[in-house]
Amino acid sequence: MKPNTILLAFVSIFSLYSVHLLLKTANEGGSLLYEQLGQKAFGMAGKLAASGSITMQNIGAMSSYLFIVKYELPLVIQALMSIEENKGEWYLNGDYLVLLVSLLLILPLSLLRNLGYLGYTSGFSLLCMVFFLIVVICKKFQISCPFETEMVNETVNNTFMHLAESQTSALEVNVTEEDTCKPHYFIFNSQTVYAVPILTFSFVCHPAILPIYEELKGRSRRRMMNVSKISFFAMFLMYLLAALFGYLTFYGNVEPELLHTYSAVMGADILLLIVRLAVLMAVTLTVPVVIFPIRSSIIQLLCAAKDFSWWRHILITVSILSFTNVLVIFVPTIRDIFGFIGASAAAMLIFILPSAFYIKLVKKEPMKSVQKIGALFFLLSGIFVMTGSMTLIILDWIHNASVDGH
């Protein structure tokens, strides 16, 4: 648990530093658009890198939201209809429900030209996450360990089989209930490679920083940095508390979807049902907001000089939503989306592009200055994080595919 806490702190600090670089570059470069900074720094290649990274990051965010719909909506329907067992009904199939929600709710909202409800949905989403955090903390004191469920036994058996197959130790392995309910401060396994990309993904807000900076009353770089510090600290605290209390509740039995873990232990619970409904409403209303910058980026890249066309508007929106639904249906877990996008697009938006733009566009500071040297080290660390994480994730995919026989 300690390594992840340390990583969380470092990623939040690095993300805040990259915001500082981005704001300073925007002032010097004379543009408050990420894509235009890329074009001024490196021409069309810089514009493509910025636009592609923003598109990938937002598609990853959309996928994560729709994954929540896929996993949680069937359980909500099952609880509301008092169905004890899922016997394969179509309305309890997550893939069908994602398509239905996308067609009936998300698509009509996404086709609007202006998203005037952005402030309302953002505030509502934040309230939902605060409510979710409060429930996670409260449940820690309601759920005892060992858990009265078969989940623990299954996890213990899987752990023992994995150790036996990999032959990592010649010593006898004894897994007891006491070990299951004992926190481990340092855990390293095949899933550890996803830690840095997922944390990087969770702190990407950089494409939205410049538009917010442009609309800030009494705009100044110092005031925007103060806003960023407060926001990053709030997110750091929420991530830390949710992860800490979630782990201390279930220890090594936490599933990729934390709410699923509560269901496995507690079954039907009215408070969990309310949390699910709140989270589902929040993510469903947020998806159209995420589609908006993707669509704008594609239009700016392909047909910036052309007049608005409803046919183009609808075609791009449907294409984005269709591609995201395909990802959600066929990608096995949300962890794979977080890992891949975090290792590629998120690393570009946090580490590589802000430091590269800063080095190229801020002319008043020489290359031997402390600021430029710091930006250069930040750029090199971003390249290291991206290549290292991508390599380890691909190796993990290859290993899992060979083990599964696929």
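Residues numbered from 1 in each chain as written. Predicted model: local features only at pLDDT ≥ 70, side-chain atom pairs only at ≥ 80, totals over all residues. Heavy atoms only, no water.

## A word on the overall build of the protein
Going by this rule: Secondary structure elements follow DSSP: runs of H or I no shorter than four residues count as helices, runs of E no shorter than two count as strands, and numbering proceeds from the N terminus. Contacts were defined at the residue level, with two residues in contact if any of their heavy atoms lie within 4.5 Å. Accessibility throughout is a Shrake-Rupley quantity obtained with a 1.4 Å probe, and a residue counts as covered only by protein chains that appear here.
When its secondary structure is counted, the protein shows 15 helices and zero strands. Here the contacts in the protein between residues at least 6 apart in sequence split such that 80% fall between residues at least 24 apart. When the accessible surface of the protein is split by element, carbon and sulfur atoms take 67% of a total near 21,600 Å².

## Re the pattern of salt bridges
What counts is decided by this rule: Salt bridges are defined as contacts in which a side-chain nitrogen from Lys or Arg sits within 4 Å of a carboxyl oxygen from Asp or Glu. Working definition: with a 1.4 Å probe on protein chains only, accessible area under 20% of the residue-type maximum means buried, over 50% means exposed, and in between means partly exposed.
With the rule as written, the count across this model stands at four salt bridges. In this structure, Lys 70 engages Asp 95 in a salt bridge whose closest nitrogen and oxygen atoms are separated by 3.3 Å. With Lys 70 in helix α3 (residues 44–80) and Asp 95 in helix α4 (residues 94–110), this residue pair connects regions lying 25 residues apart in the sequence. Residue classification places Lys 70 among the buried residues on the basis of a relative accessible area of 13%.

## Overview of α3
Where we set the bar: The span you would expect from a helix comes to 1.5 Å times its residue count less one. One fitted axis covers the seven residues ending at a residue, a second covers the seven starting there, and the bend at that residue is the angle between these axes.
With 37 residues, α3 ought to run about 54 Å at 1.5 Å a step, and its terminal C-alpha atoms sit 52 Å apart, in line with that. Considering bend angle alone, the principal kink of α3 is centred on Glu 72 and spans about 35 degrees; proline Pro 74 follows within four residues of it. The element α3 is extensively covered by neighbouring structure, given that 27 of its 37 residues are classed as buried. One or two steps after α3, the chain reaches Ser 82, where phi turns positive at roughly 55 degrees.

## As for the packing of aromatic side chains
Here is the rule we go by: A pair of aromatic rings is counted whenever rings of Phe, Tyr or Trp (Trp by its six-membered ring) have centres within 6.5 Å, and the orientation is called stacked for planes under 30 degrees apart, edge-to-face for over 60 and tilted otherwise.
Evaluation of the coordinates by the stated rule reveals 13 aromatic pairs. Aromatic pair Phe 141 and Phe 245: ring centres 6.4 Å apart, planes at 55 degrees, arrangement tilted. Of this pair, Phe 141 sits in the loop between α5 (118–140) and α6 (151–166) while Phe 245 sits in helix α10 (residues 221–250), and the two are 104 residues apart along the sequence. By relative accessible area, which is 17% here, Phe 245 ends up buried. Taken together, a centroid distance of 5.9 Å and an interplanar angle of 10 degrees make the contact between Phe 203 and Phe 232 stacked. One end of the pair, Phe 203, is in the loop between α8 (195–202) and α9 (206–215); the other, Phe 232, is in helix α10, and 29 residues separate them in sequence. Each member of the pair Phe 203 and Phe 232 is classed as buried.

## Observations concerning the UniProt feature "transmembrane region" (unreviewed entry) in the protein
Which entries qualify depends on this criterion: UniProt positions are given in the numbering used here, feature names are shortened, and annotations may be inferred rather than shown by experiment.
UniProt tags residues 48–69, 90–111, 117–138, 230–250, 270–292, 313–331, 337–361 and 373–398 as "transmembrane region" (unreviewed entry). Along residues 90–111, the helical share is 77% and the strand share 0%, with 27 Å between the first and last C-alpha atoms. The span residues 230–250 carries 100% helix and 0% strand; its end-to-end C-alpha distance comes to 30 Å.

## Quick look at the packing of α3 against α4
Convention followed: Whenever a helix is involved, its axis is fitted only over the stretch in contact; in every case the axis is a line through C-alpha atoms, and angles between N-to-C directions fall within 0 to 180 degrees. Angle categories are assigned with fixed cut-offs, so that under 35 degrees is roughly parallel, over 145 is roughly antiparallel, 65 to 115 is roughly perpendicular, and the rest are oblique. Side-chain classes follow a simple rule in which Ala, Val, Leu, Ile, Met, Phe, Trp, Tyr, Cys and Pro form the nonpolar group, Asp, Glu, Lys and Arg form the charged group, and the remainder, Gly included, forms the polar group.
Where α3 meets α4, the axes come as close as 8 Å, and the angle between the chain directions of the two elements is 105 degrees. As the angle between them shows, α3 and α4 are arranged roughly perpendicular. Residue-level inspection shows Leu 66, Val 69, Lys 70, Leu 73, Pro 74 and Ile 77 of α3 in contact with α4, the latter providing Gly 94, Asp 95, Leu 97, Val 98, Val 101, Ser 102 and Ile 106. Here the contact of α3 with α4 is built from residues that sort into nine nonpolar, two polar and two charged.

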